[in-house]
Amino acid sequence: MEKRGLTCISCPLGCDLEAEVSADTVTVTGNRCEKGVVYAKAEVLNPQRVVTSNVLVEGGLSPLVSVKTSAPIPKGLIGKMIQELKNIRLHAPIRIGQVLIRDLLGTGVDVVATRAVELLPTAQSGPSPIPISHPIDVCVKL
Ligand code: SF4
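Analysis parameters
- Residues numbered from 1 in each chain as written.
- Predicted model: local features only at pLDDT ≥ 70, side-chain atom pairs only at ≥ 80, totals over all residues.
- Helix = DSSP H or I, 4+ residues; strand = E, 2+ residues; numbered from the N terminus.
- Buried ≥ 20, exposed ≤ 12 C-beta atoms within 10 Å, placed from the backbone.
- Contact = placed C-beta atoms within 7 Å.
- Near = placed C-beta within 6 Å.
- Nonpolar A, V, L, I, M, F, W, Y, C, P; charged D, E, K, R; others polar.
- Pairing = 2+ DSSP bridges.

## Structural notes on the overall build of the chain
Argument step 1. Looking only at helices and strands, the chain has 2 helices and 10 strands in total.
Argument step 2. Ordered by position from N to C terminus, the α and β elements of the chain give β-β-β-α-β-β-β-β-α-β-β-β.
Argument step 3. Buried residues in the chain amount to 16% of all 142 residues.
Argument step 4. Across the chain, the fraction of contacts at a sequence separation of at least 24, relative to all contacts at a separation of at least 6, is 46%.

Here it is, written out as structure tokens:
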């Protein structure tokens, strides 16, 4: 029999839970409601997390776009997911909410953009509003 201490994150009360695991049963104590039991069982048997990260973007106003999984994925796949994201190069423009990877690692979960990245203005589209050689005045209020 294994005992695990957990803090329920299903509501701000944050009950201190104890999960007793034996064979194929999980007994939960310390919960003030049924959500604590559901949380502890999921945490012991198949912990999952929504994962946030960044992906490189080419041709955009920002070199990175923030992303997240559209639903929780098994904790054991987080390392593989981060590795997948490191190998990706996206092309601007990117819309907020755009699906960037469908069915990540066969989980049925997508990776979506959590911010937009506009196209970098090119030389053909007119002069830059602030030429690089132009001295930039910085005003700091103290
Ligand atoms: S067990 Fe219920 S009351 Fe306690 S933190 Fe979880 S959701 Fe909130």
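## What to know about the site of the ligand
Argument step 1. If you check the shell around the ligand, you find Cys8, Ser10, Cys11, Leu13, Gly14, Cys15, Asn31, Arg32, Cys33, Lys35 and Gly36 and nothing else.
Argument step 2. Here the residues of the shell around the ligand sort into 5 nonpolar, 4 polar and 2 charged.

## Observations concerning the pairing of strand E6 (residues 64–69)
Consecutive residues of a regular strand have side chains that alternate between opposite faces of the sheet.
Argument step 1. Only one face of E6 is buried: it carries Val65, Val67 and Thr69, and the other face, with Leu64, Ser66 and Lys68, is open.
Argument step 2. Here strand E5 (residues 52–58) folds back onto E6, and the loop between the two strands holds 5 residues, one of which, Gly59, carries a positive phi near 75 degrees.
Argument step 3. Sheet analysis places E6 next to strand E10 (residues 111–113), joined by 3 bridges and oriented antiparallel. Across the sheet, residue Val67 finds its bridge partner in E10, namely Ala113.

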